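Chains, contacts and geometry: an overview
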Amino acid sequence: MTRNEIASMIDHTCLSACAGEKDIEKLCAEAKKYGFASVCVNPYYVPLASELLNGSGVRVCTVIGFPLGAVSIDDKAGQASIAVDEGADEIDMVINLGLVKDGDFDEVEDEIETVVCASKEFEGSSRTVTVKVILETCYLTDDEIAEVCRRAKSAGADFVKTSTGFGPGGATVHAVELMRKTVGPDMGVKASGGIRTAEDAAAMIKAGASRLGCSAGVEIVEGWKD
């Protein structure tokens, strides 16, 4: 895999609580320079990122129900709809972990499907919106991870994603392998959380990740050996 190919798999991320306008400007400039798949920003900065990246080919990703996932279904759907209307091309939603722990997977699936519908209602001939479902795998058993993956696929999501980066653990090779095995070859798997080096990135890709979420995208690409 070449340096350009690895760059095209990275969601260049800045979700810091204290991120400001200059941080987003820097993020977008780096994304254009290196050819990253997207920038991932907090919802407030979607309009700015959309403006800065217009015509660049770099997509705008934002997070919904972040980082805990413990808001209502209507709230998540509303957040997603507003973000897409303001220019977001990709929606990374956090599931309600309490529902998972209660074993209420029908409600989990309904939540995902509602956000998918809210996100994709703006799609047209020139626009496709991608929805990724954040599991926060550090809190889940293997059985729970597999069941959420099945429900996300059934609900029409495009990706399953390991982590917010704000929990006590990030992406692991084991979790990525399990997620890929569960969803099969036709759905995306995003590894996120703690991916800081080219070696980390290579391990996640080997495990089955098709997208990487990281704030160290520049370091990963510059450290990548073609």
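Rules of the game
Residues numbered from 1 in each chain as written. Predicted model: local features only at pLDDT ≥ 70, side-chain atom pairs only at ≥ 80, totals over all residues. Heavy atoms only, no water. Phe/Tyr/Trp six-rings, centres within 6.5 Å; stacked < 30°, edge-to-face > 60°. Helix = DSSP H or I, 4+ residues; strand = E, 2+ residues; numbered from the N terminus. Buried < 20%, exposed > 50% of the residue type's maximum accessible area, 1.4 Å probe, protein only. Lys NZ or Arg CZ within 6 Å of the ring centre and 35° of its normal. Pairing = 2+ DSSP bridges. Right-handed = clockwise from strand over helix to strand, strands pointing away. Core = buried A, V, L, I, M, F, W, Y, C linked by side-chain atoms within 4.5 Å. Contact = heavy atoms within 4.5 Å.

1. Section: the packing of aromatic side chains
Each aromatic ring pair is described using two quantities: the centre-to-centre distance and the angle formed by the ring planes. This structure, assessed with the given rule, holds three aromatic pairs. Taken together, a centroid distance of 5.7 Å and an interplanar angle of 20 degrees make the contact between tyrosine 34 and phenylalanine 36 stacked. Summarising the aromatic geometry, the rings of phenylalanine 66 and phenylalanine 166 are spaced 5.2 Å apart at their centres and angled 85 degrees between planes, so their arrangement reads as edge-to-face. Of this pair, phenylalanine 66 sits in the loop between β3 (59–64) and α4 (73–85) while phenylalanine 166 sits in the loop between β6 (159–161) and α8 (173–183), and the two are 100 residues apart along the sequence. Overall, the relative accessible area of 21% leaves phenylalanine 66 in the partly exposed class. Directly above the aromatic system of phenylalanine 159 lies the positively charged group of lysine 132, at a separation of 5.9 Å from the ring centroid.

2. What to know about the pairing of strand β8 (residues 211–214)
Of the two faces of β8, the one carrying Arg211 and Gly213 and the one carrying Leu212 and Cys214 are both buried. As paired strands, strand β1 (residues 10–14) and β8 are joined by three bridges and run parallel to one another. In the strand pairing of β8, isoleucine 10 is matched with leucine 212. Here three bridges tie strand β7 (residues 188–192) to β8, and the two strands are oriented parallel to one another. Following the sheet pairing, serine 192 is matched in β8 by glycine 213. The handedness of the β7 to β8 crossover, carried by helix α9 (residues 198–207), is right-handed.

3. Looking at the nonpolar core
Looking at soluble globular proteins, one finds that nonpolar side chains tend to be buried together. Membership of the largest hydrophobic core comes to 70 residues, with the highest contact counts inside it found for Val39, Ile91, Ile112, Leu135, Val160, Ile195 and Leu212. Setting aside residues no more than four positions away along its own chain, valine 160 makes contact with Val133, Leu135, Cys149, Ala152, Met179, Val183, Met187, Gly188, Val189 and Lys190.

4. Re unusual backbone geometry
Geometrically, the link from phenylalanine 66 to proline 67 is a cis peptide bond, its omega value of 0 degrees lying close to zero. Among the structural elements, proline 67 can be located in the loop between β3 and α4. Positive phi values are uncommon outside glycine, yet glutamate 136 reaches one of about 55 degrees. By the element assignment, glutamate 136 lies in the loop between β5 (130–134) and α7 (142–154). Residue glutamate 136 is classed as buried on the basis of its relative accessible area of 3%.

Purely geometric stuff here, so don't read any function into it on its own.
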